[in-house]
Amino acid sequence: MEKQPRLLCSQLSVGGRVCDVTLSSSFLSWREVVDSSKKRTAANVYGPLKAAGSHCVPVCEIIAIQETEEDCPSTNVGKWQKVPQNPAGSNQHAFTVSYVERTLKHRWRCSEVTLHCPDRKLCLQWVQAIREQLALLTIRPKRLLVYINPHGGKQRGKRIYEQKVAPIFSRASITTDVIVTERANHARDHLKTEADLKKYDGVVCVGGDGMFSEIMHGLISRTQCDSGVDQSCADETLIPCGLRIGIIPAGSTDCICYATVGCNDPVTSALHIVVGDSQPLDVCSVHQNNAFLRYSVSLLGYGFYGDVLMDSERKRWMGPARYDISGVKTFLSHRYYEGTISFLPADGSVGTPRDKIQCRSGCNICQLPSADKAVYKVEDSISETENKDVWQVIRGKFLAINAACMSCACPRSPKGLSPSAHLADGTADLILVRKCSRLDFLRHLLRHTNKNDQFDHPFVEVYRVRQFRFTPRYQETDSELDLREAEGSSSKHFFTQICREHQACSCAPTHSSWNCDGEILPHGAIQVRVHCQLIKLFARGIEEQSVFEDPSYALCAI
Ligand SMILES: CCCCCCCCCCCCC/C=C/[C@@H](O)[C@H](CO)NC(=O)CCCCCCCCCCCCCCC
Ligand SMILES: Nc1ncnc2c1ncn2[C@@H]1O[C@H](COP(=O)(O)OP(=O)(O)OP(=O)(O)O)[C@@H](O)[C@H]1O
Ligand SMILES: [Ca+2]
């Protein structure tokens, strides 16, 4: 680690011990002054993040600094009293720094250290120097528009925001306008048509994936509308949204938060917002012919996940448990669906769904200026690019068709539906689970919860794609069916004709619907295209564990 020029360096007292305290443009560090007669042990030189007597905080992870009002016991009343900020002749001059501390499982906490100075002048000098460094961090938001869904998850959104998040925003001097939604789509409509977005540096969503979806739809639609882009045209190049979105998890699955931060913890998310993190995210647009249907960032699932969602919507009153009940019920019903999937495979430079390269903070693949991303440059026409690539077509009977634009990791499945999917590479992983026995399907599902490879089954295929289309069999055109039936026998043709004309007939499975980030999409036939990095979150992707254990943190600037 390069040594930074020191901006300020003093001996201050921390917790009753004298420390050498140093501020550089990158770090604030304090190290206990050891008596030269006592030999330094390896533990306080090469320890972990907090080596004994030695601490180091990156300036970009300082939440706030404030002069401290010292508390000391009053001799008169035997109670603790505040000492005035500048008592003449007093040596109680201190400032408190709040900063990010990493704990287990990607969780962040707000820690504090109070540094005592010998006089007020020095104290003010420190406060000012640290404030000046913080002021240089212009990526940090100052004004936020917050939407709270009071009915998401276990209906705790409002309480979570008031008790855990608002105090952090206020400590970081972030001002907020808070809207508690009164109906579904309230936030979407407000963002789309009413909100004065120039006033804000970001939008915060308190709720689950469905609430996030509302905010995302509002922002994307507003951005396209303001730029004169028609989102109903499937080939249109969409304009990326300028404002970042922060997610305070308060839903039932919280997959988008979990897959971009590594946990579903409101305090961690609030701190990622305060430090001004930025994580671009791919967005799928879903069309039926030239009608825009929806956007999706996590799961687009037909068959199993569509049916789970459809059933679970009737059980909303159960809260998050509804998914488990509906999951078991759907699993037991073991329905499969027939149809045709065609897809445009991604360029090999973005890896493959089975390469075990997981998308992590600062991911190299998401930073590639790949051919996949070039496709979205305005000057490229989609038809030209498509000509270079070959669409692949797969027909069959499927228990599940899942497209994951990100890993879809969540507490139910900590590595997700597609553990190697990337947040911002311009692709989605298309997972096809063909008709198989209940036992085999259970084996596949179980692998979402353990370390085994869920794609290592003969009935599962997975492709990294930039676009795909699906047509359920009952919606195929006559020419598509003729083609398909030419592959089969003529007697089969006779029966399929009958089944097409009698949809309720029990000899053929009926149609499913799409689970689009937890919202039901009743349309069977859809066309999907991934838009690389269309939106940005207040997140940084999942941090490697080494960030938490890096000894250079403890040694920085020392
Ligand atoms: C045996 C245990 C198998 C456990 C398998 C767990 C797989 C879980 C995979 C979760 C993937 C979530 C993807 C994210 C989707 C979100 O955009 C969306 C909105 O929040 N959430 C859901 O649709 C919510 C979807 C929730 C789906 C829950 C499915 C539960 C299946 C249970 C099957 C049990 C069979 C037991 C047989 C005796
Ligand atoms: N005030 C409100 N009243 C009723 N519904 C609302 C309100 N505000 C938002 N909604 C809707 O509630 C639905 C579910 O919300 P949310 O995503 O927050 O929770 P969840 O479904 O329990 O969690 P998850 O999506 O993570 O599974 C969303 O579709 C959203 O549109
Ligand atoms: Ca992706």
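Calculation criteria
- Residues numbered from 1 in each chain as written.
- Chains lettered and ligands numbered in written order.
- Predicted model: local features only at pLDDT ≥ 70, side-chain atom pairs only at ≥ 80, totals over all residues.
- Heavy atoms only, no water.
- Helix = DSSP H or I, 4+ residues; strand = E, 2+ residues; numbered from the N terminus.
- Buried < 20%, exposed > 50% of the residue type's maximum accessible area, 1.4 Å probe, protein only.
- Donors = N, O, S within 2.8 Å, 3.2 Å for Na, K, Ca; no water.
- Pairing = 2+ DSSP bridges.
- Right-handed = clockwise from strand over helix to strand, strands pointing away.
- UniProt positions renumbered as here; feature names shortened; annotations may be inferred.
- Near = heavy atom within 4 Å.
- Polar contact = N/O pair within 3.5 Å; in protein donor to acceptor, adjacent residues only side chain to side chain.
- Areas by Shrake-Rupley, 256 points an atom, 1.4 Å probe, with all protein chains shown as cover.
- Axes fitted to C-alpha atoms, helices over the stretch in contact; angles between N-to-C directions.
- Contact = heavy atoms within 4.5 Å.
- Nonpolar A, V, L, I, M, F, W, Y, C, P; charged D, E, K, R; others polar.
- Patch = residues over 30% accessible without salt bridge, like charges linked within 9 Å, V, L, I, M, F, W, Y side chains within 5 Å.
- Salt bridge = Lys/Arg side-chain N within 4 Å of Asp/Glu carboxyl O.

### Re the overall build of the protein
And step 1. Within the protein, the regular secondary structure consists of 17 helices and 23 strands.
And step 2. Counting all 558 residues of the protein, 53% fall into the buried class.

### Concerning the coordination of the calcium ion (ligand 3)
The expected angle between donors at a tetrahedral four-coordinate metal is 109.5 degrees. At an octahedral six-coordinate metal it is 90 or 180 degrees.
And step 1. The calcium ion (ligand 3) binds to the protein through Asp282 (OD), Cys405 (O), His422 (O), Asp425 (OD) and Thr427 (O); the donor distances cover 2.3 to 2.6 Å.
And step 2. In primary-sequence terms, the residues that donate to the calcium ion (ligand 3) follow D-x122-C-x16-H-x2-D-x1-T. Taken together, the positions of Asp282 in strand β14 (residues 279–288) and Asp425 in the loop between β18 (392–404) and β19 (428–434) put the pair 143 residues apart, joining distant regions of the chain. Asp425 carries the same exposure label as Asp282, and that label is buried.

### Side note on the pairing of strand β10 (residues 143–148)
And step 1. Burial of β10 is extensive: 5 of the 6 residues sit out of reach of the surface.
And step 2. In the sheet, β10 pairs with strand β11 (residues 175–180) via 6 bridges, with the strands oriented parallel. If you follow Val146 over to β11, its bridge partner there is Val178.
And step 3. This β-α-β element, β10 to helix α3 (residues 157–171) to β11, shows right-handed connectivity.
And step 4. Taken together, the 5 bridges between β10 and strand β12 (residues 202–207) define a ladder with parallel strand orientation. Residue Leu144 lies in a different strand from β12, and its bridge partner there is Gly202.

### Concerning the UniProt feature "domain: DAGKc" (unreviewed entry) in the protein
And step 1. Within the UniProt annotation, "domain: DAGKc" (unreviewed entry) is assigned to residues 139–290.
And step 2. What you have in residues 139–290 is 38% helix and 22% strand, and the ends, taken at the C-alpha atoms, are 38 Å apart.

### Quick look at the site of ligand 2
And step 1. Close to ligand 2 lie 23 residues; Thr181, Gly208, Gly210, Glu214 and Ser252 are nearest.
And step 2. Contacts to ligand 2 include Glu214, whose side-chain N or O atom sits 2.3 Å from an oxygen atom.
And step 3. In this structure, Asp254 approaches ligand 2 through a main-chain N or O atom, which is 3.2 Å from an oxygen atom.
And step 4. Summarising the interface, the protein chains cover 89% of the accessible area of ligand 2, which totals 640 Å² for the free molecule.

### Observations regarding the sheet that holds strand β3 (residues 27–32)
And step 1. Ordered in space as β4-β3-β2-β1-β9-β8-β5, the 7 strands form an open sheet in which the pairing is antiparallel. Of all the strands in the sheet, the pair left with one neighbour each is β4 (54–58) and β5 (62–67). Across the sheet, the mean angle separating the axes of adjacent strands is 30 degrees when strand polarity is ignored.
And step 2. The pairing of strand β8 (residues 93–102) with strand β9 (residues 108–117) spans 10 bridges and is classified as antiparallel. Paired with Arg102 across the strands is Trp108, a residue of β9.
And step 3. In the packing of helix α2 (residues 120–135) onto the sheet, contacts are made with β1 (6–14), β2 (17–24), β3, β5, β8 and β9, and the angle to β5 comes to roughly 155 degrees.

### Brief notes about the site of ligand 1
And step 1. Around ligand 1 sit 19 residues in total, of which Asp209, Thr253, Ser298, Asn515 and Gly518 are the nearest.
And step 2. Here Asp209 contributes a side-chain N or O atom positioned 2.6 Å from an oxygen atom of ligand 1.
And step 3. Contacts to ligand 1 include Thr253, whose side-chain N or O atom sits 3.1 Å from an oxygen atom.
And step 4. When isolated, ligand 1 has an accessible area of 860 Å², and the protein chains bury 84% of it.
And step 5. Sorting the residues of the shell around ligand 1 by element identifies α9 (322–333) and α13 (438–446) as the ones contributing at least two each.

### Some remarks on the packing of α9 against α13
And step 1. Look at α9 against α13: their axes get within 10 Å of each other, and the N-to-C directions meet at 145 degrees. Contact residues: Phe331, Leu332 and Ser333 in α9; Arg438, Phe441, Leu442 and Leu445 in α13.
And step 2. Grouping the amino acids of the contact of α9 with α13 by side-chain chemistry returns 5 nonpolar, 1 polar and 1 charged.

### Topic: the side chain of Thr22
And step 1. Following the sequence through the fold, Thr22 ends up in strand β2.
And step 2. On the basis of relative accessible area, Thr22 is assigned to the buried category, the value being 6%.
And step 3. Those residues within four positions of Thr22 in sequence are excluded, and the remaining contacts are Arg6, Leu8, Cys9, Phe27, Leu28, Ser29 and Trp126.

### A word on the environment of Cys532
And step 1. Among the secondary structure elements, Cys532 is positioned in strand β23 (residues 526–537).
And step 2. Between the C-alpha atom of Cys532 and that of Thr427, which follows or precedes it by 105 residues, the distance is 7.4 Å.

### Brief notes about a nonpolar patch on the surface
And step 1. Where nonpolar side chains cluster on the molecular surface, the patch consists of Leu439, Leu442 and Leu446 and spans about 270 Å² of accessible area.
And step 2. Residue position: Leu446 is located in helix α13.

### Brief notes about the pattern of salt bridges
And step 1. Applying the stated criterion across every chain, the model contains 30 salt bridges.
And step 2. Notably, a salt bridge pairs Asp265 with Arg107, separated by 3.5 Å at the nearest N-O pair. With Asp265 in the loop between α6 (255–261) and α7 (266–274) and Arg107 in the loop between β8 and β9, this residue pair connects regions lying 158 residues apart in the sequence.
And step 3. With a relative accessible area of 31%, Arg107 lands in the partly exposed category.
And step 4. The partner of Asp453 in a salt bridge is Lys356, with the nearest N and O atoms 3.9 Å apart. Placement of the pair is Asp453 in the loop between α13 and β20 (460–472) and Lys356 in the loop between β17 (337–345) and α10 (364–367), with a sequence separation of 97 residues.
And step 5. Given a relative accessible area of 60%, Lys356 falls into the exposed group.

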